[in-house]
Amino acid sequence: MPSDKPCGEPDESKCPGRRAFFKTAALAGVAVALTGVPLLSYVVAPALKKGTSKWIDFGPAENLKPGEIEMLSYEFMVKDGWIVLPQRGFVWAKSDGPEKITVFSSTCTHLACNVIWRKEKGIFECPCHSGNFDINGRPIAGPPTKPLVALEHKVEEGKLMVLMPA
């Protein structure tokens, strides 16, 4: 049976036309967006998430000897993107009595090396670039210009708790 269409025009039964094509393309685009955005956020979000701080228990505050600097070490698990890793380190605690505790980060403010307490000299020393800090964490020699970071802490139920950045 011959078609009533002029020569060169497509038959509607065989070719649905431009309107149907755009309708199908729009529906496919919506489907991709509805599934793609949540999937992409599930994959990318953990890598962009900032670490959160964590309160670390360093044991009884009464164990700190007044007038002395003590090294307190820690280890806790940190989620980095998709991986959970241990974070290890130490802080320096200075006690001037039961209610007067200062906790210093062990990280030099110059280039993030670990500082060491030199009891015989009464200073914190950064072995990397000969930076020195006094007993209160203030820079006294070498390249560091900022004091050691005093970490937020509290005594809760007799235990020294320090807020550690993750």
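Check the entry above for the structure.
Just so it is clear, the structure is predicted and the values come from calculations on it, not from any experiment.

Trainee: When you look at the state of the cysteines in this model, what are you seeing that I'm missing?
Mentor: Structurally, a disulfide amounts to a covalent bond that connects the sulfur atoms of two cysteines. Tallying each qualifying case throughout the model produces one disulfide. Across the disulfide from C113 sits C128; the S-S distance is 2.3 Å. The chirality of the disulfide connecting C113 with C128 is left-handed, given an S-S dihedral of about -120°. With C113 in the loop between β4 (101-105) and β5 (116-118) and C128 in the loop between β6 (123-126) and β7 (131-133), this residue pair connects regions lying 15 residues apart in the sequence. Taking relative accessible area as the criterion, C128 reaches 43% and is therefore assigned partly exposed. Left unpaired, C108 is separated from the closest cysteine sulfur, that of C126, by 3.8 Å. When its relative accessible area of 1% is taken as the criterion, C126 is described as buried.

Trainee: Please clarify how the nonpolar core should be interpreted in this entry.
Mentor: The tendency in soluble globular proteins is for nonpolar side chains to be buried side by side. Counting residues in each nonpolar core, the largest one holds 16 residues, and the members touching the most others are F58, V91, L160 and M164. Of all the elements in the fold, those that place two or more residues in this core are β1 (54-60), β2 (69-80), β3 (83-95), β4 and β10 (159-164). Ranked by residue count, the leading element in this core is β2, at four residues. Once residues lying within four places of it in the same chain are set aside, the contact partners of M164 are S53, K54, I56, Y74, F76, V91 and L151.

Trainee: Whenever I open this one, the side chain of N132 confuses me. Can you help?
Mentor: If you trace the backbone, N132 turns up in strand β7. Filtering out sequence-adjacent residues up to four positions away, N132 remains in contact with I123, F124, E125, R138, P139, I140 and A141.

Trainee: Got a minute to help me understand the sheet that holds β4 in this structure?
Mentor: Consider a sheet: its strands pair through backbone hydrogen bonds, and that pairing is either parallel or antiparallel. Sheet architecture is open: three strands sit in the order β2-β3-β4, paired in antiparallel fashion. A strand with exactly one partner marks an edge of an open sheet, and here the two such strands are β2 and β4. Sheet twist, expressed as the average angle between the axes of neighbouring strands with direction ignored, equals 35°. Here five bridges tie β3 to β4, and the two strands are oriented antiparallel to one another. Across the sheet, the residue bridging to V91 is S105, located in β4.

Trainee: Which parts of the structure should I look at to understand the environment of G67?
Mentor: One can find G67 in the loop between β1 and β2. The class of G67 is exposed, set by a relative accessible area of 54%. Counting along the chain gives 30 residues from G67 to G97, while the straight-line C-alpha distance between them is 7.7 Å.

Trainee: Can you walk me through the pairing of β2 in this structure?
Mentor: Looking down a regular strand, the side chains alternate between one sheet face and the other. Across 12 bridges, the pairing between β2 and β3 is antiparallel. Residue pairing for β3: E70 is matched across the bridge by A93.

Trainee: Would you take a moment to explain unusual backbone geometry for this structure?
Mentor: As a rule of thumb, non-glycine residues mostly have phi less than zero, and peptide bonds are mostly trans rather than cis. A positive phi angle is found at S130, which is not glycine, with a value near 60°. Positive phi values are uncommon outside glycine, yet E157 reaches one of about 55°. Residue classification places E157 among the exposed positions, given a relative accessible area of 79%.

Trainee: I'm lost on the packing of aromatic side chains in this one. Help?
Mentor: Aromatic ring pairs are reported here in terms of the distance separating the ring centres and the angle at which the planes meet. Evaluation of the coordinates by the stated rule reveals seven aromatic pairs. Judged by centre distance (5.8 Å) and plane angle (25°), the rings of Y74 and F76 are stacked. Owing to a relative accessible area of 13%, Y74 belongs among the buried residues under this scheme. Measuring from ring centre to ring centre gives 5.6 Å for F90 and W92, while their planes differ by 85°; the resulting arrangement is edge-to-face. Given the relative accessible area of 6%, W92 is considered buried. A connected cluster of aromatic rings, assembled from ring pairs, spans F90, W92, F104, W117 and F124. Lying across the ring of W55, K154 places its NZ or CZ 4.2 Å from the centre.

Procedures and definitions
- Residues numbered from 1 in each chain as written.
- Predicted model: local features only at pLDDT ≥ 70, side-chain atom pairs only at ≥ 80, totals over all residues.
- Heavy atoms only, no water.
- Disulfide = S-S within 2.5 Å.
- Helix = DSSP H or I, 4+ residues; strand = E, 2+ residues; numbered from the N terminus.
- Buried < 20%, exposed > 50% of the residue type's maximum accessible area, 1.4 Å probe, protein only.
- Core = buried A, V, L, I, M, F, W, Y, C linked by side-chain atoms within 4.5 Å.
- Contact = heavy atoms within 4.5 Å.
- Pairing = 2+ DSSP bridges.
- Axes fitted to C-alpha atoms, helices over the stretch in contact; angles between N-to-C directions.
- Phe/Tyr/Trp six-rings, centres within 6.5 Å; stacked < 30°, edge-to-face > 60°.
- Lys NZ or Arg CZ within 6 Å of the ring centre and 35° of its normal.

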